[in-house]
Amino acid sequence: MSNLKLYTFPPSLWASVPRLLIAEKHIKDIEYATIDLSKAENFSPSYLEINPNHTVPALEITDKNGRKTFLDDSIQVCDYLDQVSGEPRLYRADKSADIDAYLNEMHGKADVGNPLFFTSKDDAELAGKKGTIVPFLEGRIEGWRKYKQEAPQHQQLYDQNIQATQAMIDAYTGKADPKNMYETSRQCWAAAEAFMDKSEQILGRSSGEWLFGEYSLADVHLTSYMFRMLLVKKPEEVFEGRPKLKAYYERVQKRSSFAATFS
């Protein structure tokens, strides 16, 4: 197998997916590099050369001749790791269409875990999250300002992010009306609820304990998705009217890979 280096950030929603897969399939000999999102290290000039989309995870693959290639999203990274780690494959051929459609929706219109973390839906949530969110965002602005000096060719990218992030800080600190942020948060939660409702329905039709019968890559991704939902919302909000999803999450928590990834 080629030499592998995974760029990750432990609190990241999507960066936890390949780490969960690695634990699930007991993959060895992977080097880890932490990209601190709280310091905007995913926008550093060196990381932008690895992943121009400035996201984590990213996987660096070095072949026996020293040639490097990169994969830059969790679906690609997990598919590759699943292939090179051998049987049993979690990308199940008999359910490939179902898995693809499910993951595309999760990473498409249902991809709201990050905005739900950073936004608030009302004054009470804003007050509760301010002490966590504002320092995190201020650290990112500090990082972008530093990188502007190091890489002026990316100045427009940095300036855009500084402006958008400062607007969110202003909403948290009373310098701007948070009404638009509240609406964004509510819309994101509605999208998450719709996706979890769909997951509840899929579990109701499943022939086994997992989304599509046997444990698959879809379950790896959903585990991380649900972990984030329970970080941003109370369990009674997440599982209300979704008893099958609740029982499902209780099952995944008992897998050794869950503790290895999220403890």
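From a predicted model like this one, the values you see are computed outputs, not experimental measurements.

Scoring rules and cut-offs
- Residues numbered from 1 in each chain as written.
- Predicted model: local features only at pLDDT ≥ 70, side-chain atom pairs only at ≥ 80, totals over all residues.
- Heavy atoms only, no water.
- Axes fitted to C-alpha atoms, helices over the stretch in contact; angles between N-to-C directions.
- Helix = DSSP H or I, 4+ residues; strand = E, 2+ residues; numbered from the N terminus.
- Parallel < 35°, antiparallel > 145°, perpendicular 65-115°, else oblique.
- Left-handed = near helix turned anticlockwise from the far one by under 90°.
- Contact = heavy atoms within 4.5 Å.
- Nonpolar A, V, L, I, M, F, W, Y, C, P; charged D, E, K, R; others polar.
- Pairing = 2+ DSSP bridges.
- UniProt positions renumbered as here; feature names shortened; annotations may be inferred.
- Buried < 20%, exposed > 50% of the residue type's maximum accessible area, 1.4 Å probe, protein only.
- Arc of directions from axis to C-beta.
- Core = buried A, V, L, I, M, F, W, Y, C linked by side-chain atoms within 4.5 Å.
- Salt bridge = Lys/Arg side-chain N within 4 Å of Asp/Glu carboxyl O.

*Asks:* Please give an account of the packing of helix α1 (residues 16–25) against helix α9 (residues 217–232) that cites residues and values.
*Replies:* Their axes nearest at 9 Å, the elements α1 and α9 cross at an angle of 130°. The orientation of α1 with respect to α9, classified from their angle, is oblique. Regarding α1 and α9, the two cross each other, and that crossing is right-handed. Contacts from Ser16, Val17, Leu20 and Leu21 of α1 reach α9 at Leu217, Val220, His221, Thr223 and Ser224. Its residues assigned to classes, the contact of α1 with α9 comprises 5 nonpolar, 4 polar and no charged.

*Asks:* Run through the sheet that holds strand β2 (residues 30–34), naming residues and quoting values.
*Replies:* Note: strands within a sheet are paired through backbone hydrogen bonds, in either parallel or antiparallel orientation. What the 4 strands build is an open sheet, ordered β2-β1-β3-β4; its pairing is mixed. Each edge of the sheet is formed by a strand with only one pairing partner; in this case those strands are β2 and β4 (68–71). Taken over all neighbouring pairs, the strand axes of this sheet differ in orientation by 20° on average, direction set aside. Alignment of strand β3 (residues 58–62) against β4, held across 4 bridges, turns out to be antiparallel.

*Asks:* Give me the packing of α9 against helix α11 (residues 243–253): which residues, what numbers.
*Replies:* Packing of α9 against α11 leaves a shortest axis separation of 11 Å and a crossing angle of 105°. Looking at the two axes, α9 sits roughly perpendicular to α11. Where α9 approaches α11, its residues Asp219, Leu222, Thr223, Met226, Phe227 and Leu230 are matched on the opposing element by Leu245, Tyr248, Tyr249 and Val252. In terms of residue class, the contact of α9 with α11 is built from 8 nonpolar, 1 polar and 1 charged.

*Asks:* Describe the UniProt feature "domain: GST N-terminal" (unreviewed entry) in the protein chain, with residues and values.
*Replies:* The UniProt record annotates "domain: GST N-terminal" (unreviewed entry) at residues 2–89. Measuring from the first to the last C-alpha atom of residues 2–89 gives 19 Å, for a span that is 31% helix and 23% strand.

*Asks:* I'd like a rundown of the side chain of Ser74, residues and numbers included.
*Replies:* Structurally, the position occupied by Ser74 is in helix α3 (residues 74–84). For Ser74, the residues in contact, after removing those within four places along its chain, are Trp14, Val17, Pro18, Pro57, His107 and His221.

*Asks:* I'd love a proper account of helix α4 (residues 96–106), names of residues and values included.
*Replies:* Regarding α4, the residues found buried are Ile99, Tyr102, Leu103, Glu105 and Met106. Along the axis of α4, the buried residues cluster in a sector spanning 160°; they form a single face. Away from its buried face by more than 90 degrees, α4 exposes Ala97 and Asn104. Buried residues in α4 make contact with α3, α8 (179–205) and α9.

*Asks:* Explain the UniProt feature "domain: GST C-terminal" (unreviewed entry) in the protein chain to me, using residue names and the numbers behind them.
*Replies:* Sequence positions flagged by UniProt for "domain: GST C-terminal" (unreviewed entry) are, in local numbering, residues 146–263. The distance separating the terminal C-alpha atoms of residues 146–263 is 33 Å; by composition the span is 75% helix and 0% strand.

*Asks:* Break down the nonpolar core for me, with residues and values.
*Replies:* In this structure, Leu59, Leu81, Tyr102, Leu211, Leu222, Tyr225 and Met226 are the most contacted members of the largest nonpolar core, which totals 52 residues. Ranked by residue count, the leading element in this core is α9, at 8 residues. With near-sequence residues (within four places) excluded, Leu211 lies in contact with Tyr102, Ser199, Ile202, Leu203, Ser206, Ala218, Asp219, Leu222 and Tyr248. Within the second largest apolar cluster, 30 residues are counted, among which are Ala33, Ala40, Ala58 and Ile169.

*Asks:* Break down the pattern of salt bridges for me, with residues and values.
*Replies:* One pass over the structure, following the stated rule, counts 17 salt bridges. The partner of Asp94 in a salt bridge is Arg92, and the shortest N-O contact between them spans 2.9 Å. For Arg92, a relative accessible area of 10% puts it in the buried group. Between Asp122 and Lys121 there is a salt bridge whose closest N-O contact spans 3.9 Å. In this structure Lys121 comes out as partly exposed when scored by relative accessible area, which is 28%. Because the salt bridges share partners, they merge into one network encompassing Lys25, Asp79, Asp82 and Arg89.

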